[in-house]
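Summary of the model geometry
Chain by chain, the residues run as shown.
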Amino acid sequence: MPDIDEIKESKRFYSDIPYRTEGFFLKGSNSLDWGMKNRLARIFNPKSGRTVMLAVDHGYFQGPTTGLERIDLNILPLVPYADTLMLTRGILRSIVPPSMTKSIVLRVSGGTSMLSELSNEDIAVDIEESIRLNACAMAVQVFIGGEYEKESIINMTRMVDIGTRYGIPTLAVTAVGRDMNRDARYFRLATRICAELGAHYIKTYYIEKGFETVTSSCPVPVVMAGGKKIPELDALTMAYNAIQQGASGVDMGRNIFQSESPTAMIQAVRAVVHDNETPEKAFDLYNTLKN
Ligand code: R5P
């Protein structure tokens, strides 16, 4: 018969309870390392599996875009409602207080302006900067079918390689040239190429026909890009449709910060993304908060 001490001891070790091995909640991400998963879990809410990324990085190629002239005054008040802030290191260091605890997706590609060929980008931020700035992901523009297609793809694969060394995921942002067909075939091609070459998640535009084939043929999470400012109800409808058709969130800029009431709009977008709210109900919420 075991003595009393031994019984107590085996109780503390819970020898009869097996360790739990839980899968990771994000599509295609289960085989990533702990640090990668932890960073992704700071971008995507583990409860809903989705994210509201607030994109304010436009200045890296187009200067002070309408709504982003004073990020301190116009954008910082929106931060509490976002899951993630997507921006450049310049704005992060100069304007965002380090006491802010939201996750950061750092724009790391650049080198061109709206006055020149946009696809001719390079990597514009060292990996050490992403580490120093505590980035949860690094965003690289990929121009499938663009003049500098190959260079932009290689920018992305380089960041995937370097980021993997340090546990920082890479977000591939699919950029569409003016003369390209914005259809399901193009976006399936662009998102799948990025995923095959290692991007951890992908940002792409919504399309009316066949968006569900884009999300389903992409093995990693897809987030919807906002695009040009459209009426609030239309933007909420677009976000709703994208989510219902398999998007894991949105990365919206102009449709939030150029809205008549950015604070109300971001909360309405949140309702659509995290609570599956219908566009009509989210628009009611927008109007209530706006007034
Ligand atoms: C553009 O390349 C930038 O990455 C923006 O973050 C992106 O366009 C999303 O912003 P918007 O919703 O305004 O299109």
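Above this text you will find the structure in question.
Okay, so let's go over this structure. From a predicted model like this one, the values you see are computed outputs, not experimental measurements.

It is worth spelling out the nonpolar core at this point. Within the largest apolar cluster, 71 residues are counted, with the highest numbers of intra-cluster contacts made by Leu54 and Val269. In terms of residues, this core owes the most to one element, helix 12 (residues 262-275), which gives seven residues. Apart from the residues lying within four places of it in its own chain, the contact partners of Val269 are Val52, Leu236, Val250, Met252 and Ile256. Residues Leu40, Ala55, Ala137 and Val173 belong to the second largest nonpolar core, which totals 16 residues.

Next up on the list: the site of the ligand. Around the ligand, 14 residues are found, and the nearest of them are Asp57, His58, Arg107, Gly253 and Arg254. Here an oxygen atom of the ligand and a side-chain polar atom of His58 are 2.7 Å apart. Contact between the ligand and Lys203: an oxygen atom at 3.1 Å from a side-chain N or O atom of the residue. Considered on its own, the ligand offers 360 Å² of accessible surface; in the complex 96% of this is hidden by protein.

Taken as a whole, this structure holds seven aromatic pairs when the rule is applied. With centroids separated by 5.0 Å and ring planes inclined at 75°, the aromatic side chains of Phe44 and Tyr201 adopt a geometry described as edge-to-face. Residue Phe44 is found in the loop between helix 2 (34-43) and strand 1 (51-55), and its partner Tyr201 is found in strand 8 (residues 201-205); the two are separated by 157 residues along the sequence. Of the two residues examined, Phe44 and Tyr201, each falls in the buried class. Consider the rings of Tyr186 and Phe187, whose centres lie 5.3 Å apart with planes at 80°: the pair is edge-to-face. On the basis of relative accessible area, Tyr186 is assigned to the buried category, the value being 9%. On the basis of relative accessibility, which here comes to 0%, the residue Phe187 falls in the buried class. One aromatic cluster is present, built from ring pairs that chain together Tyr186, Phe187 and Tyr205.

About the thresholds
- Residues numbered from 1 in each chain as written.
- Predicted model: local features only at pLDDT ≥ 70, side-chain atom pairs only at ≥ 80, totals over all residues.
- Heavy atoms only, no water.
- Core = buried A, V, L, I, M, F, W, Y, C linked by side-chain atoms within 4.5 Å.
- Buried < 20%, exposed > 50% of the residue type's maximum accessible area, 1.4 Å probe, protein only.
- Helix = DSSP H or I, 4+ residues; strand = E, 2+ residues; numbered from the N terminus.
- Contact = heavy atoms within 4.5 Å.
- Near = heavy atom within 4 Å.
- Polar contact = N/O pair within 3.5 Å; in protein donor to acceptor, adjacent residues only side chain to side chain.
- Areas by Shrake-Rupley, 256 points an atom, 1.4 Å probe, with all protein chains shown as cover.
- Phe/Tyr/Trp six-rings, centres within 6.5 Å; stacked < 30°, edge-to-face > 60°.

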